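Given next are the chains, with one letter for each unit.
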Amino acid sequence: MVASSALFEGLIDDAAMFPPGNAEVGEAVSAHQAYRRSWSASMIGPLVVSDQKFAEVGRAFRRLPIDHGENTTSPPLAVAVVNTSGASGLLSLIGRDVEGVHVVAVESALRDLDDLAGNADRVVSAAAELDETVRVFVEIPYAPGWEKAVAVVEAAGYYGKLRTGGLDPVDVPPTDQLARQLSVLVEADLPFKATAGLHHALALPGSDQERPRQHGFLNLLVAIEALVDGAFQDEAARLLGRTDSRGVVEHLAAWDDSQASRIRRRFRSFGCCGVLDPVNDLVALGLVAEPQ
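The notes below deal with the structure included here.

Criteria and cut-off values
Residues numbered from 1 in each chain as written. Predicted model: local features only at pLDDT ≥ 70, side-chain atom pairs only at ≥ 80, totals over all residues. Heavy atoms only, no water. Core = buried A, V, L, I, M, F, W, Y, C linked by side-chain atoms within 4.5 Å. Buried < 20%, exposed > 50% of the residue type's maximum accessible area, 1.4 Å probe, protein only. Helix = DSSP H or I, 4+ residues; strand = E, 2+ residues; numbered from the N terminus. Contact = heavy atoms within 4.5 Å. Salt bridge = Lys/Arg side-chain N within 4 Å of Asp/Glu carboxyl O. Pairing = 2+ DSSP bridges. Right-handed = clockwise from strand over helix to strand, strands pointing away. Axes fitted to C-alpha atoms, helices over the stretch in contact; angles between N-to-C directions. Parallel < 35°, antiparallel > 145°, perpendicular 65-115°, else oblique. Nonpolar A, V, L, I, M, F, W, Y, C, P; charged D, E, K, R; others polar. Expected span 1.5 Å × (residues − 1).

Phe8, Leu218 and Phe267 are the most contacted members of the largest nonpolar core, which has 89 residues in total. Per element, the largest residue contribution to this core is nine residues, and it comes from helix H8 (residues 217-228). The contacts of Phe8, once residues within four sequence positions are left out, are Ala3, Ser42, Met43, Leu218, Leu221, Arg264, Leu282, Leu287 and Val288. Core analysis: the second largest hydrophobic core is formed by eight residues, Ala80, Val82, Val104 and Phe137 among them.

Here you go:
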């Protein structure tokens, strides 16, 4: 029943410093380094940091004790920086260097709800000044004109970002809305990451059948596969709301490396403030085996 290793490689971005976890910088950096040395390291992506705490993260990393093995220095800390200041904030990141920290990704949300496409134009224009090795994720809110913003981001060769939950139950998108968003991204061939609310493998049922208490990242994987293979949005919505584990687990365990890579090319990662939650779920479901 163990799934292809390609299915979960780098899937979980460590967003410990963001709600509801809200870990202190030093605690988050220390824990992240421990994860990177653990048996589950291959599943853990970069540490997600706010641009406002970027320098502080560097200081915390440099204070960590050095592992005196073959090397006397630790490899750089890979981070994804969340830009909080729009296009101008992206420009301020250009050339910004923090010792010991390697920026592998930048995430920026569109905030001009009256002109999402125009906002996307400004963001991708500013992002073009970043080092070409940095992955750029543009968070596209579900608001009028969001489909045009998707087209702008795709044309620029960047990645999308979807919000799949939040602190308030109303922040969890209904299954039909999320299915619609996934369908548009798949049709546009825009790879994306997800953020918020994906602490567990499977959807948690809510009082409203069409709005789960929490979405599941395995549900997203099977819904994306269905859409890639030509399914309609209502089928994707059904898969997003599925709460039984057996069918989902058996389906994913049957994927080979090629199938896993085909879907992960679309669904790049998701941010989680407690990365051990999804790891433990995968072990409990038998999709990942913890070494004895």
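Overall, the coordinates contain twelve salt bridges when judged by the stated rule. Two residues, Glu147 and Arg180, come together in a salt bridge whose shortest N-O distance is 2.9 Å. With Glu147 in helix H6 (residues 146-156) and Arg180 in helix H7 (residues 175-188), this pair connects stretches of sequence that are 33 residues apart. We note a salt bridge from Arg246 to Glu250, for which the minimum N-O separation is 3.1 Å. You can see Arg246 and its partner Glu250 sitting in helix H10 (residues 245-253), four residues apart, about one turn around the helix. Judged by its relative accessible area of 64%, Arg246 is exposed. With relative accessibility at 40%, the residue Glu250 sits in the partly exposed group.

The subject of this paragraph is the environment of Phe217. Take Phe217: it is sitting in helix H8. C-alpha separation for the pair Phe217 and Thr164, spaced 53 residues apart in sequence, amounts to 9.8 Å.

Turning next to the pairing of strand E6 (residues 159-163). Counting buried residues along E6, four of its five residues qualify, which places the element largely inside the surrounding structure. Taken together, the three bridges between strand E5 (residues 135-139) and E6 define a ladder with parallel strand orientation. Among the inter-strand pairings, Glu139 is bridged to a residue of E6, identified as Lys161. Where the polypeptide runs from E5 across H6 and back to E6, its parallel neighbour, the crossover connection is right-handed.

Here we come to the packing of helix H4 (residues 86-93) against helix H5 (residues 116-127). The angle between the axes and the distance between the axes are what describe a pair of packed helices. In the contact formed by H4 and H5, the axes pass within 8 Å of each other and the chain directions differ by 5°. By the angle between their directions, the pair H4 and H5 is classed as roughly parallel. Seen from H4, the contacting residues are Ala87, Leu90 and Leu91; seen from H5, they are Arg122, Val123, Ala126 and Ala127. Counted by class, the contact of H4 with H5 contains six nonpolar, no polar and one charged residues.

Attention now goes to the sheet that holds strand E2 (residues 44-50). Strand pairing in a sheet relies on backbone hydrogen bonds. The paired strands run either parallel or antiparallel. Read once around its circumference, the closed barrel built from eight strands follows the order E1-E2-E3-E4-E5-E6-E7-E8, with strand pairing classed as parallel. Across the sheet, the mean angle from the axis of one strand to that of its neighbour is 30°, orientation sign disregarded. Against the sheet, helix H2 (residues 25-36) makes contact with strand E1 (12-14), E2 and strand E3 (77-83), and its axis sits at roughly 170° relative to E2, the strand it touches most. H7 contacts E6 and strand E7 (192-195) of the sheet and is inclined by roughly 175° relative to E6.

Helix length check: H8, at twelve residues, gives a terminal C-alpha distance of 17 Å against a target of 16 Å (1.5 Å per residue), a fit within 8%. Among the twelve residues that make up H8, eleven are buried, leaving the element largely enclosed by the rest of the structure. Considered for burial, the residues of H8 that qualify are Phe217, Leu218, Asn219, Leu220, Leu221, Val222, Ala223, Ile224, Glu225, Ala226 and Leu227. Among the residues trailing H8, Gly230 stands out with phi positive, at a value near 100°.

Before going further, it helps to examine unusual backbone geometry. The linkage connecting Pro19 with the following residue, Pro20, adopts the cis geometry, with an omega of 0°. Here Asn22, not a glycine, exhibits a phi torsion of approximately 50°, which is positive. Along the chain, Asn22 turns up in the loop between E1 and H2. Phi is positive for Ala196, close to 75°, though the residue is something other than glycine. In this fold, Ala196 is placed in the loop between E7 and H8. A residue is classified by how much of its surface remains accessible, and Ala196, at 17% relative accessible area, is buried.

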